[in-house]
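Each chain is listed here by its residues.
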Amino acid sequence: MKHLRTAPTETGFFETYAKLAKSITLSGVFAQVVSALTEIGGIFAASYSALLPVFPELALPIAAAVALIGTAVLELGLRVLMPYSVDAVLYRRFSGLHLVITIVTWGLTVVLLTASGLLSFQNSKTIVAEYSPEAEQITTTQADSIYQAVTARHSATWQADSALIAGQYAAQITAATTAGAGKVEAAKRELSNIYNKEKRTGQSYATQKDRARQLIADREAEAAEKIAGLQAAQATATEEARQRYREGIAKAEAEHGAATGEIKETNQAATTDRAATVAAYGLGLGWFTIVCLLIFSAAVILERIHAKGSGITEKVELSQYDLNPAAWVEAWQAFRDRVQYNVRSRIQAFAERTPPPPVPTPAAELYDPTQLANLAATLKIELEREAEDADVIYLPRKRRMIGFKHERTERRTLETSEGSTHESKAEKGEVSRAIKGTPTGTHETPELRQLKQRLKDYKKRLGKHQQKAKAQERTKGEATRRTLEAIENNRHWVEHYTALLNQAKAAAKGRKQ
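A. Examining the overall build of the protein more closely. When helices and strands are counted, the protein shows 10 helices and four strands. Scanning the protein from its N terminus toward the C terminus, one meets helices and strands in the order β-α-α-α-α-α-β-α-α-β-β-α-α-α. Burial status across the protein gives 24% buried among its 513 residues. Within the protein, contacts between residues separated by at least 24 positions form 76% of all contacts whose residues are at least 6 apart in sequence. When the accessible surface of the protein is split by element, carbon and sulfur atoms take 59% of a total near 36,700 Å².

B. Inspection of a positive patch on the surface at higher detail. On the surface, Lys456, Lys460, Lys464, Lys468, Lys476 and Arg482 cluster together to form a positively charged patch. Looking at which element gives the most residues to the positive patch, the answer is helix H9 (residues 446-476), with five residues. Structurally, Lys464 is set in helix H9.

C. Representation of the packing of helix H2 (residues 59-90) against helix H5 (residues 206-309). The contact between H2 and H5 brings their axes to 9 Å, and the two run at 50 degrees. Taken as axis vectors, H2 and H5 run oblique relative to one another. The way H2 lies across H5 gives a crossing that is right-handed. Between H2 and H5, the residues in contact are Leu78, Arg79, Met82, Pro83, Val86, Asp87 and Leu90 and Leu293, Phe296, Ser297, Val300, Ile301, Glu303, Arg304, Ile305 and Lys308, respectively. The residue makeup of the contact of H2 with H5, split by class, is 10 nonpolar, one polar and five charged.

D. Just the nonpolar core, in detail. Of all hydrophobic cores here, the largest spans 13 residues; its most connected members are Leu78, Met82, Leu112, Leu113, Phe296 and Val300. Of all elements in the fold, only helix H1 (11-51), H2, helix H3 (96-131) and H5 reach the threshold of two or more residues within this core. Ranked by residues supplied to this core, first place goes to H2 with five residues. Discounting chain neighbours no more than four positions away, the residues touching Leu112 are Val73, Leu74, Gly77, Leu78 and Leu81. If you look at the next biggest cluster of nonpolar residues, it comprises 12 residues, including Leu455, Tyr458, Tyr497 and Ala504.

E. Region of interest: empty space enclosed by the protein. For the structure on display, the rule yields one cavity of 30 Å³ or more. A volume near 30 Å³ is recorded for the largest cavity. Forming the boundary of the largest cavity are Ile24, Thr25, Gly28, Arg79, Phe296, Ala299, Val300 and Glu303. The set of elements that each furnish at least two residues to the lining of the largest cavity consists of H1 and H5. Of all the elements, H5 adds the most residues to the lining of the largest cavity, at four residues. The residue inventory of the lining of the largest cavity, partitioned by class, reads four nonpolar, two polar and two charged.

F. A nonpolar patch on the surface, seen in detail. Taken together, the side chains of Phe13, Tyr17, Leu20, Ile301, Leu302 and Ile305 make up a nonpolar region of the molecular surface, amounting to roughly 480 Å² of accessible area. Broken down by secondary-structure element, the contributors of at least two residues to the nonpolar patch are H1 and H5.

G. Spatial organisation of the pattern of salt bridges. If you walk through the whole model with that rule in mind, you get six salt bridges. The residue Arg242 makes a salt bridge to Glu239 at a minimum N-O spacing of 2.9 Å. Taken together, the residues Arg242 and Glu239, both in helix H5 and three residues apart, mark about one turn of the helix. In this structure Glu239 comes out as partly exposed when scored by relative accessible area, which is 36%. Three or more residues joined by partner-sharing salt bridges are found here, namely Asp87, Arg304 and Glu314.

H. Structural view of the packing of H1 against H2. Two elements in contact, H1 and H2, have axes whose closest approach is 8 Å; the angle formed by their N-to-C orientations is 145 degrees. The crossing of H1 and H2 is right-handed. Here the contact of H1 with H2 is composed, by residue class, of 17 nonpolar, six polar and three charged.

I. How the structure looks around the packing of aromatic side chains. Taken as a whole, this structure holds eight aromatic pairs when the rule is applied. Ring geometry for Phe44 versus Tyr48: centroids 5.9 Å apart, planes at 15 degrees, classification stacked. Residue Phe44 and its partner Tyr48 are both found in helix H1; the two are separated by four residues, about one turn of the helix. Take Tyr48: its relative accessible area is 30%, and that puts it in the partly exposed class. Relative to Phe335, the ring of Trp332 has its centre 5.9 Å away and its plane inclined at 35 degrees; by these criteria the two rings are tilted.

What counts and how
- Residues numbered from 1 in each chain as written.
- Predicted model: local features only at pLDDT ≥ 70, side-chain atom pairs only at ≥ 80, totals over all residues.
- Heavy atoms only, no water.
- Helix = DSSP H or I, 4+ residues; strand = E, 2+ residues; numbered from the N terminus.
- Buried < 20%, exposed > 50% of the residue type's maximum accessible area, 1.4 Å probe, protein only.
- Contact = heavy atoms within 4.5 Å.
- Areas by Shrake-Rupley, 256 points an atom, 1.4 Å probe, with all protein chains shown as cover.
- Patch = residues over 30% accessible without salt bridge, like charges linked within 9 Å, V, L, I, M, F, W, Y side chains within 5 Å.
- Salt bridge = Lys/Arg side-chain N within 4 Å of Asp/Glu carboxyl O.
- Lys, Arg positive; Asp, Glu negative; His and termini not counted.
- Charge placed at Lys NZ, Arg CZ, Asp CG, Glu CD.
- Axes fitted to C-alpha atoms, helices over the stretch in contact; angles between N-to-C directions.
- Parallel < 35°, antiparallel > 145°, perpendicular 65-115°, else oblique.
- Left-handed = near helix turned anticlockwise from the far one by under 90°.
- Nonpolar A, V, L, I, M, F, W, Y, C, P; charged D, E, K, R; others polar.
- Core = buried A, V, L, I, M, F, W, Y, C linked by side-chain atoms within 4.5 Å.
- 1 Å grid on protein atoms, 1.4 Å probe; cavity = no way out; pocket = protein on both sides within 12 Å on 5 of 7 lines; lining within 4 Å.
- Points joined across faces, edges and corners; volume = space filled by probe spheres on them.
- Phe/Tyr/Trp six-rings, centres within 6.5 Å; stacked < 30°, edge-to-face > 60°.

Written out as structure tokens, the structure is:
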């Protein structure tokens, strides 16, 4: 399909605004490019952020495809719908089916213009933030390194001082303990000598022994006092070293906090300046996209006015391809025809190789129960059986009618004739009572006899297979699969013929009534 434009008929109007129309058309194209660039970035960012948690590996290509398709729908839709909306006003297409198309095109044009303007305006800040350089951030690496070095030095000093103090006082305590133990041992030896002297001389030296015991206690007290003094001095020295360590750490923390605080303030100021710049430029870009959208609308309007004023109209040139079905439709039809040809040719070849059907077997007897509904039969007491007669049913001579008291009759006949109306009501009543009083099975139809025989056969088969299964369970522990399948199959047929027999009996009872 080709879209052709006719030559201008109003050449004066055309020449007057030809340059303007050309320039404004280029401006409209430029405005659409700017609008598309601002739209595609925002759609991509929104799609990517939404798809990343769900499809992390496919988020990028899917978001790109969504952005391209969404932008194409907006901009190409405006490029197609906007001229029709303007032409609807210029050519006053407000009646008949033109009115319907005008309403739809105007509605879609407003929707697309609104969506394009909102997306472009809102995405402007995002685009500026994305492409603007990040605020320069000063790291605290140097201050952190200094702080770690100072704290490490103070920790090493504290460990060395505490170890030195512990070693020095440990030696002094050991020496004091040894000296005190020697003095106590000497005092104890003096007391022992006094005991020995008492034994040699036989005299009592109680006063000397008391003084010796007191001397031992004094020596022990002196040793304990000296050791306690050394331990107190060790604790004091250790506490002084710890206090120096704490002061050094506190000073290092204060210096580190001051240094990092200055860095944080500098970084915060840089971030604030960048945010203000992004907001200002983003707002400016947003309003620029709105201006571009207005330029595009004005370009389309002026272009269509110039075409109408110049007498330029559009003609459509059709080709046979525009009228034919789509290429993919014809391709599918060709593929379908080829498949149909291959399949059906094989079926035909198979049918040609198939021999004719065999000669049919003799047809079995078919009984129509509906033809037996009004069948009348002759009932006779079985005194002497005459020649075989299909229309005569013989009753036993001494047959007792259950539930009825009746007089023996020599002969009761009911003439065989379908739909006969020559019997009196009294005779019909007697026959009906006789039939109802007859035990089940006396007047069975061929259909009932056949169903009962089939049911009897399948019950017999079912019992046989059940006995076989019990024997197998006694010998082998379980019945074979084939036997179980036979039981299930015969049970199915028993249920089937039981249902058919009940239906036949119900139908026969209905006909009798």
